Amino acid sequence: MSKHLVECTVNGEVCQLEVPAGRLLSDFLRDDLHLTGTKRGCETATCGACSVLVDGEAIKSCLMLAVQVHGRAITTIEGLAQGDTLHPLQQSFLECGGLQCGYCTPGMIIASCDLLKNNPDPSVDDVKKGLSGNLCRCTGYTQIVESVLHAAEKMNHGN
Amino acid sequence: MRDFNYIEPSSIEEASRLLADLEDEEVRVVAGGTALMLTMRQRMVQPGHLISMARIERLHGIDFDSEKGLRIGSMTRHADLARSSIVRSHYPVLASMAARVANPQVRNQGTLGGNLCYADPSTDPPTCLLALDAQVVLGSVRGERIMPLSSFIVDYFETAIEPDELLVEIRVPPLPEGMSGVYSRFLRTAAEHRPLVSVAVVGQQNAHICHDVRIAVGASTPVPCRMPNVEALLKGNRIDFDLAERAAAQIAEDIEPLSDARGSAEFRRQMVRVVARRTICEVFGLGNLSGGNE
């Protein structure tokens, strides 16, 4: 198997690591960089728990190879808060109860970041479509959608 | 996954040469990788070499020329197609289709070229592109050749691409003045991203009189198909609900549907009829009756 030097930015920090060609981005983040906020769920690109931002766009890291992110910027759930201040989406999921077991939450929040970047004032339907690549087996989604709408409002109009 | 080598050539010639040299070994081309990674992780394919298209400049970008039409580099992602201002203004039906492929994460990674080369019937782009009379450009060390999309997609998961060829770009001819289209599909459940039925209708009309129409049906059939009998039935006629219903029934009769765990042939036929009727009605100004399909 060929080995490759992957140089990328992860949550703002430059990272250089030699990886085998077959290293998945999800394993690179969790096992090599110990960023375990990104979850491995179905491993078949169905659940979206492994979603991360690559150059600001959400992808499923169980489907992407680490070599494919050479030269690019990755943001994981660990990279959203500013010190002790949570990202508005994180704060909103907390306030609206947008989680139960929490396993899908990193993926939901990452997918929501991408959604709100492209559509800062989404409708309920827009949120449902924006999160259509993510599964939650606890909540029934109602409070997840509310969390995203609440965050959008806060981000648009301040607190 | 089995161990493999990952190679990133920087030109079509280099990639083609690699593909020719490695022909006897298990080799796969990777574009975005969404479908390939799944099949590799499920060990349905176990290539020893992956040839990545990512660094080949020629395969990227979208351009439009009012005479030549649209050129879409094969590495264009579904999200790029959906957001492109060129595509949205000249081929809104194509942008609208691309905005619905799979889910947001897959649209940010999967490419149009990868989608077409994989030739999975349960997907959106081929049906829409067929109704737009799209062509594909294939490249290798032997040069380039152009073929209609209808000749490129040969069968269930099979295309006309040669082992040393790459899909370079997709071309869509300009739409005549006043021609517009609708792409609709039927998903069995809201959570399932693979259409069970897809219908694209591109038509030109004046006060409900059909001057020209192209109809393509996919997802329910092994390869997407044009419907020449039904196109002839509609051309030159005033389209009303009765004619739309008759045309849809003819489409349902003309297709040879797949029959599998996701839907029996008879179920697919019925759903094709429903989606086709609604889509024809929408294109010819008889109202948006989309109801359950999207």
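Conventions used here
- Residue positions within a chain follow its written sequence, with the count starting from 1.
- By the order in which they are written, chains take letters starting at A while ligands take numbers starting at 1.
- Residues qualify for local features only when their pLDDT is at least 70, as the model is predicted, and side-chain atom pairs are given and counted only at 80 or more; totals for whole chains, interfaces and linings, by contrast, use all residues.
- Note on conventions: DSSP H or I runs of at least 4 residues are helices, E runs of at least 2 residues are strands, and numbering of each starts at the N terminus.
- In this treatment the radius of gyration is a C-alpha quantity, and the globule benchmark scales as 2.2 Å times the residue count to the 0.38 power.
- Counting other C-beta atoms within 10 Å of its own, a residue is labelled buried from 20 upward, exposed at 12 or fewer, and partly exposed in the gap between, with every C-beta atom placed from the backbone.
- What we call a nonpolar core is a set of buried Ala, Val, Leu, Ile, Met, Phe, Trp, Tyr and Cys residues whose membership is set by joining through C-beta atoms within 7 Å.
- Think of it this way: build a C-beta for each residue from its backbone, and any pair within 7 Å is a contact.
- Here the nonpolar group is Ala, Val, Leu, Ile, Met, Phe, Trp, Tyr, Cys and Pro; Asp, Glu, Lys and Arg are the charged ones; every other residue, Gly included, is treated as polar.
- Any two strands with at least two DSSP-identified bridges between them are counted as paired.
- To obtain an axis, a line is fitted to C-alpha atoms, over the contacting stretch when the element is a helix, and the angle between two such axes runs from 0 to 180 degrees between their N-to-C directions.
- Domain extents, as shown, originate in an automatic or database domain assignment.
- Given a helix with a known number of residues, its expected span is that number minus one, times 1.5 Å.
- Scored from 0 to 100, pLDDT reflects the predictor's confidence in each residue.
- By definition in this entry, angles of less than 35 degrees are roughly parallel, angles greater than 145 are roughly antiparallel, angles of 65 to 115 are roughly perpendicular, and the rest are oblique.
- Crossings are assigned a handedness: left-handed for a near helix turned anticlockwise from the far helix by less than a right angle, right-handed for a clockwise turn.

A.B. asks: What's the story with the overall build of chain B in this structure? I'm lost.
C.D. replies: Counting its regular elements, chain B contains 12 helices and 14 strands. Its C-alpha radius of gyration of 19 Å places chain B within 12% of the 19 Å reference for a compact globule of 294 residues. With respect to the three principal axes, the spread of C-alpha positions in chain B is 60 × 45 × 30 Å. Looking at chain B as a whole, 49% of its 294 residues are labelled buried.

A.B. asks: Could you clarify how one ought to interpret the overall build of chain A in this entry?
C.D. replies: Broken down by element type, chain A carries five helices and five strands. Seen in sequence order, chain A has helices and strands lined up from the N terminus as β-β-α-β-β-β-α-α-α-α. Taking 15 Å as the expected radius of gyration for a compact globule of 159 residues, we find that chain A reaches 16 Å, a close match to that expectation. Principal axes of the C-alpha set define a box for chain A whose edges measure 45 × 30 × 25 Å. Classification of the 159 residues of chain A by burial places 43% in the buried group.

A.B. asks: Quick question: what am I supposed to make of the nonpolar core here?
C.D. replies: In a soluble, globular protein the nonpolar side chains are often hidden away together inside. If you look at the biggest cluster of nonpolar residues, it comprises 131 residues, and the most contacted ones within it are V201, V217, I251 and I280 of chain B. Look past the residues within four positions of V201 of chain B in its chain and what remains in contact with it is A131, G181, V182, V213, I215, T279, I280 and V283 of chain B.

A.B. asks: Help me understand the interface of chain B and chain A in this model?
C.D. replies: For interface size, the figure often reported is the accessible area lost on association. Contacts between chain B and chain A engage 17 residues on the former and 24 residues on the latter. Sorting the residues of the side of chain B that touches chain A by element identifies β1 (5-7), α2 (34-41) and α6 (104-107) of chain B as the ones contributing at least two each. The element that contributes the greatest number of residues to the side of chain B that touches chain A is α2 of chain B, accounting for four residues. When grouped by side-chain class, the residues that make up the side of chain B that touches chain A number eight nonpolar, seven polar and two charged.

A.B. asks: Explain the sheet that holds strand β5 (residues 69-73) of chain B here, please?
C.D. replies: In sheet architecture, strand pairing relies on hydrogen bonds along the backbone and comes in two forms, parallel and antiparallel. Residue and element names in this part refer to chain B. Here five strands make up an open sheet; going across it, the order is β4-β5-β10-β6-β7 and the pairing antiparallel. The open sheet has two free edges, formed respectively by β4 (62-65) and β7 (143-148), since each of these has just one partner strand. Strand-to-strand, the axes of this sheet are offset by a mean angle of 20°, without reference to chain direction. Pairing geometry for β5 and strand β10 (residues 166-172), over four bridges, is antiparallel.

A.B. asks: What is the right way to look at the domain arrangement of chain A in this model?
C.D. replies: Residue and element names in this part refer to chain A. Here the domain parsing of chain A yields domain 1 (3-79) and domain 2 (88-157). For domain 1 versus domain 2, the distance between C-alpha centres works out to 21 Å. Where the side of domain 1 that touches domain 2 is concerned, the elements lending two or more residues are β3 (51-54) and β4 (57-60). Among the elements that line the side of domain 1 that touches domain 2, the one with the most residues is β3, at three residues. Residue composition of the side of domain 1 that touches domain 2, grouped by class: seven nonpolar, seven polar and two charged.

A.B. asks: Hey, could you run me through helix α3 (residues 105-118) of chain A in this one?
C.D. replies: Since the α-helix packs 3.6 residues into each turn, any two residues three or four apart lie on the same face. Here α3 of chain A is 14 residues long and its end C-alpha atoms lie 20 Å apart, about the 20 Å a rise of 1.5 Å per residue gives. Burial within α3 of chain A is extensive, with 12 of its 14 residues counted as buried. Along α3 of chain A, the positions that sit buried rather than exposed are T105, P106, G107, M108, I109, I110, A111, S112, C113, D114, L115 and L116 of chain A. Of the surrounding secondary structure, the elements contacted by the buried residues of α3 of chain A are β3, β4, α2 (88-96), α4 (124-130) and α5 (142-157) of chain A together with α6 of chain B.

A.B. asks: I keep staring at the confidence of the model for chain B and nothing clicks. Help me out?
C.D. replies: Keep in mind that low pLDDT regions are not for reading the predicted coordinates in detail. This prediction gives chain B a mean pLDDT of 95; 98% of its residues lie at or above 70. Interface predicted TM-score (ipTM) for the complex: 0.97; the corresponding pTM is 0.96.

A.B. asks: What exactly am I supposed to notice about the sheet that holds strand β3 (residues 49-52) of chain B here?
C.D. replies: All names here are of chain B. Pairing within the open sheet is parallel, and its three strands lie in the order β1-β3-β2. Both edges of this open sheet fall to β1 and β2 (27-30), since each of them pairs with a single strand only. The sheet shows a mean angle of 25° between the axes of neighbouring strands, direction not considered. In this sheet, β3 lies alongside β1 in parallel orientation, the contact comprising three bridges. Pairing of I7 across the sheet is with I51, part of β3.

A.B. asks: So what exactly am I meant to see when it comes to the domain arrangement of chain B here?
C.D. replies: Residue and element names in this part refer to chain B. Domain assignment breaks chain B into domain 1 (5-52), domain 2 (58-172) and domain 3 (182-283). Put simply, the middle of domain 1 and the middle of domain 2, counted by C-alpha atoms, are 19 Å apart. Between domain 1 and domain 2, the residue contacts involve 14 residues of the former and 20 residues of the latter. Of all elements in the fold, only α1 (12-21) and α2 reach the threshold of two or more residues within the side of domain 1 that touches domain 2. Take the side of domain 1 that touches domain 2: its biggest share by element is seven residues, from α1. Among the residues forming the side of domain 1 that touches domain 2, the class breakdown is seven nonpolar, four polar and three charged.

A.B. asks: Whenever I open this one, the packing of α2 of chain A against α3 of chain A confuses me. Can you help?
C.D. replies: Each packed pair of helices is defined by two parameters, the angle between the axes and the distance between the axes. All names here are of chain A. Running from N to C, α2 and α3 point in directions that differ by 130°, and their axes come no closer than 10 Å. For the element pair α2 / α3, the angle class is oblique. Where α2 crosses over α3, the two elements pack in a sense that is right-handed. Residue-level inspection shows L89, Q90 and F93 of α2 in contact with α3, the latter providing T105, I109, S112 and C113.

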